[in-house]
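Here is how the chains run, residue by residue.
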Amino acid sequence: MSESLASRLQLENISKRFGATQALKGVSLKVLPGSVHAVIGENGAGKSTLMKILAGALKPDTGSIKLEGNPFQAQGPAEARQGGISMIYQELTLAPDLSVAENMFLGIEPKLLFGCVDRGQQRKKVKEALAFLGHSEISPDTPVSQLSISSQQLVEVGRALVGEAKVIIFDEPTSSLTRIDTQKLFEVIARLRDRGVSILYISHFLEEVTEISDHYSILRDGEAVAHGNLKDIQLDKIIELMVGRSVEEMFPRREREIGEVVLTVDHLVGDGYPQDVSFELRRGEILGIAGLVGSGRTEMLRTLFGLDSVWSGKVSLKGHGEIQGQSPQMAIQRGIGLLSEDRKEEGLLTNLSIADNLTLSDYKSISSWGWVDEKKQIQSTQRRFKELRVKAREPRQVVGDLSGGNQQKVAIGRLVHQDADIVLLDEPTRGVDVGSKVQIYEWMGELAARGKAIIFVSSYLPELLGVADRIAVMNRGRLSTPQAVEELTEEEILRLAVMEQEAH
Ligand SMILES: Nc1ncnc2c1ncn2[C@@H]1O[C@H](COP(=O)(O)OP(=O)(O)O)[C@@H](O)[C@H]1O
Ligand SMILES: [Mg+2]
């Protein structure tokens, strides 16, 4: 059939078992030339196993692979690479003491007549590859150990390129990259695609996958549950297929008691936004704030936290009465915590360690005689690691090196450490993988059950409806009266978000 002729790569009925774990169950998939094919699935779905089989690093129990219509059976990664399939591993596999050029040609050195390595030829090819990837600034002679993680990754890609790869596999390539390096990598991937290379792109970050890929396959519990063109599927549907439950089922609701009023906001007007905001917030409550981007939700949280000034109106806090001229420092002392929308800009100090970030809001509990007690700080950090399931090497690791989901968990950990009574969350699940999203919802439910009060700003209506007790809608700086979620629908919220308002 023309379909099979056109496909670059075909996997048929691949199965793999590790002891008691059936990691893959009869997976089949096809990849087209010049395509970025996303392999999507939760942690443990079998993505890496499938890719390692393809790259010759693992032997399948059953099944077959065809590359351009011919059976492909590699005995090990080196043979797979020579056959045209290269994998960029999660943990990089370069020889740190060798140069960029030496690494790129490791195992495939062009030979001169008497078996010597042709260094001139090698350098030329390496330069060409780096230029093609848009990174001529990397010198072929630099030892790899002196390069940043993102440049090392480029060397790996360069290695695939000089080996004339037809298929390049990226397994979670951005988990230790910054946003800027991720963008650069995406440019590299686009160039490879335009050259006709087939890319297999593995990630559990959906926003990222949909940005770079054109086709997809979804794995769940070792099975391929869906394939197709990304432009034909909605994000909600992908999530549903990944987790095997509907989006509604992702929100575990916990019984909780709504208590006394802890915050009263009365006709609050800020400098510009907000225009007019009134509501009461109670203990044990999650108040959802919907609205379009730019409607003033972030400004409302900033004003309540003391980052932006109050123009008119009243804010009263239980135990403190009416508060005026509040600074963020005072807000923290009064038990208000903020998780800001832009965790990189203002939420986290990305060049400090996880331990420092986590304990910044309250040095007292980890100090002895006025000095930070390193041991206490590390212990406290490790406790948070466990609670929030942060994936990091160690407490001293710099926050900027972590993935988005893990950075967000550190930002949340800071709020937990602060033990705030009123928690302001601005888009807490944006840019976070699905598994971490569910953990964040669980954490919010737990906080509310412990009697904390939460304001939850989100642009994603299913999660607002799934998690909040009441929802109010911001529209051009004005907040609607909060309503119980049971009384609201997505349509009604959207109507409130875009409706023209009468003059005040
Ligand atoms: N070498 C191994 N030994 C035992 N179990 C493994 C091994 N590699 C993977 N697994 C298991 O196989 C399943 C799929 O893992 P993996 O392919 O790494 O998933 P993913 O990459 O989608 O997160 C998991 O349950 C994992 O624990
Ligand atoms: Mg994996």
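Everything quoted here is computed from the prediction, not taken from an experiment.

Undergrad: Tell me about the overall build of the protein, residues and numbers included.
TA: Counting its regular elements, the protein contains 18 helices and 23 strands. For the protein, the spread of C-alpha atoms along the three principal axes comes to 85 × 60 × 50 Å. Within the protein, buried positions represent 45% of all 504 residues. Considering only intrachain contacts with a sequence separation of at least 6, the fraction spanning at least 24 residues in the protein is 68%.

Undergrad: Break down the site of ligand 1 for me, with residues and values.
TA: Neighbouring ligand 1 are the residues Phe 18, Thr 21, Ala 23, Gly 41, Asn 43, Gly 44, Ala 45, Gly 46, Lys 47, Ser 48 and Thr 49. Among the elements of the structure, strand S2 (21-31) and helix H2 (47-54) are those that each provide at least two residues to the shell around ligand 1. Top element by residues in the shell around ligand 1 is H2. It accounts for three residues.

Undergrad: Before we move on, can you summarise the domain arrangement of the protein with the specific residues and values?
TA: In terms of domains, the protein is made up of domain 1 (2-244), domain 2 (260-335 + 420-504) and domain 3 (343-419). Using C-alpha coordinates to define each centre, domain 2 is positioned 25 Å away from domain 3. Residue-level contacts link 11 residues of domain 2 with 10 residues of domain 3. Of all the elements, helix H16 (residues 434-449) adds the most residues to the side of domain 2 that touches domain 3, at four residues. Looking at side-chain class alone, the side of domain 2 that touches domain 3 contains seven nonpolar, three polar and one charged residues.

Undergrad: Quick one: what's the story with the confidence of the model for the protein, residue by residue and with numbers?
TA: In the predicted model, the protein carries a mean pLDDT of 87, and the fraction of residues at 70 or more is 92%. Taken element by element, the protein is modelled with least confidence in helix H1 (residues 2-6), mean pLDDT 53, and with most confidence in strand S12 (residues 277-282), mean pLDDT 98.

Undergrad: Pulling in residues and values, what's your account of the pairing of strand S21 (residues 470-475)?
TA: Within S21, six of the six residues are buried, leaving the element largely enclosed by the surrounding structure. Across the two faces of S21 the burial is the same, with Arg 470, Ala 472 and Met 474 and Ile 471, Val 473 and Asn 475 all buried. Sheet topology note: the strand S13 (residues 286-291)/S21 ladder contains five bridges and is parallel. In the strand pairing of S21, Gly 288 is matched with Ile 471. For S21 and strand S23 (residues 483-484), the ladder comprises two bridges, and the chain directions are antiparallel. Residue pairing in the sheet places Ile 471 in a bridge with Gln 483 of S23. As paired strands, S21 and strand S22 (residues 478-479) are joined by two bridges and run antiparallel to one another. Bridged to Asn 475 within S22 is Arg 478. Hairpin connection, S21 to S22: the antiparallel pair is bridged by two residues, and Arg 476 has positive phi, about 45°.

Undergrad: Run through the packing of helix H15 (residues 404-418) against H16, naming residues and quoting values.
TA: Interaxial distance between H15 and H16 falls to 10 Å at its minimum, and their mutual angle equals 15°. When the axes of H15 and H16 are compared, the pair comes out roughly parallel. For the element pair H15 and H16, the recorded crossing hand is left-handed. Residue-level contacts link Gly 405, Gln 408, Lys 409 and Ile 412 of H15 to Ser 436, Ile 440 and Trp 443 of H16. Taken together, the residues that form the contact of H15 with H16 break down as three nonpolar, three polar and one charged.

Undergrad: Describe unusual backbone geometry, listing the residues and the values that go with them.
TA: The peptide bond linking Tyr 273 to Pro 274 adopts the cis configuration, its omega dihedral lying at -10°. With respect to the element layout, Pro 274 can be found in the loop between strand S11 (261-270) and S12. Positive phi outside glycine occurs at Glu 172, with the angle close to 45°. Counting through the fold element by element, Glu 172 comes out in the loop between strand S7 (167-171) and helix H7 (179-194). Residue class for Glu 172 comes out buried when judged on the 20 C-beta atoms lying within 10 Å of it. The phi angle at His 267 is positive, at roughly 50°, despite the residue not being glycine.

Undergrad: Break down the sheet that holds strand S5 (residues 70-71) for me, citing the residues and quoting the values.
TA: The sheet built from four strands is open, its strands ordered S2-S1-S4-S5 with antiparallel pairing. Where the open sheet ends on each side, the last strands, each with one partner, are S2 and S5. Here strand S1 (residues 9-18) runs beside S2; their pairing, made up of seven bridges, is antiparallel. Bridge pairing in S2 links Leu 11 to Leu 29.

Undergrad: Tell me about H7, and name the residues and values.
TA: Taking 1.5 Å of rise per residue, the 16 residues of H7 would be expected to cover 22 Å, and the 23 Å separating its terminal C-alpha atoms lies within 8% of that figure. Among the residues of H7, those classed as buried are Leu 185, Val 188, Ile 189, Leu 192 and Arg 193. Buried residues along H7 cover an arc of 140° about the axis, so they all sit on one side. Within H7, the exposed residues directed more than 90 degrees away from the buried face are Arg 179, Ile 180, Gln 183 and Asp 194. The inward-facing, buried residues of H7 abut strand S3 (36-40), helix H6 (149-162), S7, strand S8 (198-203) and helix H8 (206-212). Gly 196 occupies a position one or two residues after H7 and carries a positive phi of about 100°.

Undergrad: Now, about the nonpolar core: what can you tell me, with residues and values included?
TA: Among the nonpolar cores identified, the biggest contains 68 residues, and Ile 168, Ile 169, Ile 199, Leu 200 and Tyr 201 are the most heavily contacted of them. If we ignore the near neighbours within four places in the chain, the residues touching Tyr 201 are Val 36, His 37, Ala 38, Phe 170, Val 209, Ile 212 and Ser 213. Counting residues in hydrophobic clusters, the runner-up holds 61 residues, among them Ile 354, Leu 402, Tyr 441 and Ala 472.

Undergrad: Let's hear about H15: which residues, and what values?
TA: The terminal C-alpha atoms of H15, which comprises 15 residues, lie 21 Å apart, in line with the 21 Å expected from a rise of 1.5 Å per residue. Of all 15 residues making up H15, 15 are buried, and the element is well covered by its neighbours. Count one or two residues on from H15 and you reach Asp 419, which has phi positive near 55°.

Undergrad: Just give me the short version of the sheet that holds S12, but keep the residues and values in it.
TA: Sheet strands pair by backbone hydrogen bonding; their relative direction is either parallel or antiparallel. Sheet architecture is open: four strands sit in the order S12-S11-S14-S15, paired in antiparallel fashion. The open sheet has two edge strands, S12 and strand S15 (321-322), and neither has a second partner. By the bridge criterion, two bridges tie strand S14 (residues 310-317) to S15 in an arrangement that is antiparallel. Looking across to S15, one finds that Leu 317 is bridged to Gly 321. In the packing of helix H10 (residues 297-305) onto the sheet, contacts are made with S11, S12 and S14, and the angle to S11 comes to roughly 115°.

Reading guide: rules and limits
Residues numbered from 1 in each chain as written. Chains lettered and ligands numbered in written order. Predicted model: local features only at pLDDT ≥ 70, side-chain atom pairs only at ≥ 80, totals over all residues. Helix = DSSP H or I, 4+ residues; strand = E, 2+ residues; numbered from the N terminus. Buried ≥ 20, exposed ≤ 12 C-beta atoms within 10 Å, placed from the backbone. Contact = placed C-beta atoms within 7 Å. Near = placed C-beta within 6 Å. Domains from an automatic or database assignment. Nonpolar A, V, L, I, M, F, W, Y, C, P; charged D, E, K, R; others polar. pLDDT = per-residue confidence, 0-100. Pairing = 2+ DSSP bridges. Axes fitted to C-alpha atoms, helices over the stretch in contact; angles between N-to-C directions. Parallel < 35°, antiparallel > 145°, perpendicular 65-115°, else oblique. Left-handed = near helix turned anticlockwise from the far one by under 90°. Expected span 1.5 Å × (residues − 1). Arc of directions from axis to C-beta. Core = buried A, V, L, I, M, F, W, Y, C linked by C-beta atoms within 7 Å.

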